[in-house]
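Chain by chain, the residues:
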Number of protein chains: 4
Amino acid sequence: MTREPAYRQLARTLRNALVQGRYRDGVRLPTEAELADEYKVSRQTVRRAFHDLVADGLVHRVRGRGTFATHATAVTCASSARSTT
Amino acid sequence: MTREPAYRQLARTLRNALVQGRYRDGVRLPTEAELADEYKVSRQTVRRAFHDLVADGLVHRVRGRGTFATHATAVTCASSARSTT
Amino acid sequence: MTREPAYRQLARTLRNALVQGRYRDGVRLPTEAELADEYKVSRQTVRRAFHDLVADGLVHRVRGRGTFATHATAVTCASSARSTT
Amino acid sequence: MTREPAYRQLARTLRNALVQGRYRDGVRLPTEAELADEYKVSRQTVRRAFHDLVADGLVHRVRGRGTFATHATAVTCASSARSTT
DNA sequence: GTGGTCTAGACCACT
DNA sequence: GTGGTCTAGACCACT
């Protein structure tokens, strides 16, 4: 009955926020540390969640700068496949 | 007739601004690069001017962070001596 | 005059501790974050100090695990060259 | 997998240029700012690349003046150790 | 106007 | 939760 991993749960939460239009355009999302703090999870969990969102094409990450919302137009077929999981 | 060096001129300008209460408290002043640009002088000149203001006790500088106005109460005898030059 | 940089000062402090036999054998040293906190410097400055100690052969670092004192016997020619600086 | 860091990539590029005989003798290389601009990296990343080349004995740097190609004859044991990495 | 040091704070890779 | 890389942008030391 393996229940949903924490990172998928967090990914779902963030995906909803992104799809609903929070963090429009190239807006920077909260940092790994902030999200880890807010959701009481490890940074590793946040990273895994973000990793999924990158694969979804919903965000992109820039070393040393942050994680940014990707324009809605850039959604690929990979993301639709994934979101049905 | 050696005329006033550029750095003393700039120091005087900044001193006036500081004494008149601009940059109150611990406010950060413009950076070396910004002042060099604004006054059309080299950064070396800005540095010399700031060096005088540090000696006056009007500003203090923090490596990697910036130059900050010092509280008016911290004025020492060194600054009064210097300001009569 | 060129005063001693903060990272060299810290390296010297740690080197003394290591040479005097604290952190014997493969003992783990404080983390970058801890030292940054204790010595009121940035993590990068701690890293520069550690970098020197690695070159000296006094410590070795393992990603994800920490920084460890190296056995005294492992001193190399590189370290002797450096210590004469 | 641990992909090659940007600074090592840049170091490799510059090493190739140096070994192939561009920047002969004591010729000055581009400045940190110029390379940062050209390769779209931060100045610190350029510095890390140069740091490796200094360790290789391929260049030497003089504060206030620039970075210079070192004569090929000055190769030391430290550099040969490094180049096998 | 160059290289040297330093900060604050991101993400990355590994454990 | 550690060390590794990277950014952007300050001031410092030297020429």
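Shown above is the structure to which this text applies.
Not measured: the values here are computed from a predicted model.

### What to know about the overall build of chain A
Here's step 1: Secondary structure assignment for chain A yields four helices and two strands.
Here's step 2: Scanning chain A from its N terminus toward the C terminus, one meets helices and strands in the order α-α-α-β-β-α.
Here's step 3: The buried share of chain A, taken over its 85 residues, is 31%.
Here's step 4: Sequence-distant contacts, at least 24 apart, represent 53% of the contacts inside chain A between residues at least 6 apart.
Here's step 5: Here chain A has roughly 5,900 Å² of accessible surface; of this, 51% comes from carbon and sulfur atoms.

### Describing the packing of helix α1 (residues 6–19) of chain A against helix α3 (residues 43–56) of chain A
All names here are of chain A.
Here's step 1: Where α1 contacts α3, the two axes come as close as 8 Å, and the packing angle between them is 50°. By the angle between their directions, the pair α1 and α3 is classed as oblique. α3 is crossed by α1, and the crossing has right-handed handedness. On the side of α1, the interface is formed by A6, Y7, R8, L10, A11, L14, R15 and L18, while α3 contributes T45, V46, R48, A49, F50, D52, L53 and D56.
Here's step 2: Grouping the constituent residues of the contact of α1 with α3 by class yields 10 nonpolar, one polar and five charged.

### As for helix α1 (residues 6–19) of chain C
All names here are of chain C.
Here's step 1: The end-to-end C-alpha separation of α1 is 20 Å, in line with the 20 Å expected for 14 residues at 1.5 Å each.
Here's step 2: Looking only at α1, the buried set comprises L10, A11, L14, A17 and L18. The arc that holds every buried residue of α1, seen down its axis, measures 125°, which confines them to one face.
Here's step 3: At its buried positions, α1 is contacted by α2 (32–39), α3 (43–55), β1 (59–62) and β2 (66–69).
Here's step 4: Just beyond α1, the residue with positive phi is G21, at close to 95°.

### Describing the pairing of strand β1 (residues 59–62) of chain B
Residues and elements named next belong to chain B.
Here's step 1: Across four bridges, β1 lies against strand β2 (residues 66–69) in antiparallel orientation. Note on β2: the bridge partner recorded for H60 is F68.
Here's step 2: Counting the residues between successive antiparallel strands, the hairpin from β1 to β2 contains three residues, one of them, G64, with a positive phi of roughly 80°.

### Some words on the pattern of salt bridges
Residues and elements named next belong to chain A.
Here's step 1: Going through the model one piece at a time under the given rule, you end up with 22 salt bridges over all chains.
Here's step 2: One salt bridge in this structure joins R43 and E32, with 2.6 Å as the shortest N-O distance. Within this pair, whereas R43 is found in helix α3, its partner E32 is found in helix α2 (residues 32–39), the two being separated by 11 residues in sequence.
Here's step 3: Each member of the salt-bridge network shares a partner with another, and the members are E32, R43, R47 and R61.

### As for the side chain of D:E32
Residues and elements named next belong to chain D.
Here's step 1: For E32, a relative accessible area of 11% corresponds to the buried category.
Here's step 2: In terms of polar contacts, E32 uses its side chain to reach the side chain of R43, at 2.5 Å.
Here's step 3: E32 has contacts with R43, V46, R47, F50 and R61, leaving out every residue within four places of it along the chain.

### Looking at the packing of helix α2 (residues 32–39) of chain B against helix α3 (residues 43–56) of chain B
All names here are of chain B.
Here's step 1: Here α2 crosses α3 at 110°, and the two axes come no closer than 8 Å. Judged by the inter-axis angle, α2 sits roughly perpendicular to α3. Like other packed secondary-structure pairs, α2 and α3 cross with a definite hand, here right-handed. Packed against α2, whose contacting residues are E32, A33, L35 and A36, the element α3 presents R43, V46, R47 and F50 at the interface.
Here's step 2: Here the contact of α2 with α3 is composed, by residue class, of five nonpolar, no polar and three charged.

Parameters at a glance
Residues numbered from 1 in each chain as written. Chains lettered and ligands numbered in written order. Predicted model: local features only at pLDDT ≥ 70, side-chain atom pairs only at ≥ 80, totals over all residues. Heavy atoms only, no water. Helix = DSSP H or I, 4+ residues; strand = E, 2+ residues; numbered from the N terminus. Buried < 20%, exposed > 50% of the residue type's maximum accessible area, 1.4 Å probe, protein only. Contact = heavy atoms within 4.5 Å. Areas by Shrake-Rupley, 256 points an atom, 1.4 Å probe, with all protein chains shown as cover. Axes fitted to C-alpha atoms, helices over the stretch in contact; angles between N-to-C directions. Parallel < 35°, antiparallel > 145°, perpendicular 65-115°, else oblique. Left-handed = near helix turned anticlockwise from the far one by under 90°. Nonpolar A, V, L, I, M, F, W, Y, C, P; charged D, E, K, R; others polar. Expected span 1.5 Å × (residues − 1). Arc of directions from axis to C-beta. Pairing = 2+ DSSP bridges. Salt bridge = Lys/Arg side-chain N within 4 Å of Asp/Glu carboxyl O. Polar contact = N/O pair within 3.5 Å; in protein donor to acceptor, adjacent residues only side chain to side chain.

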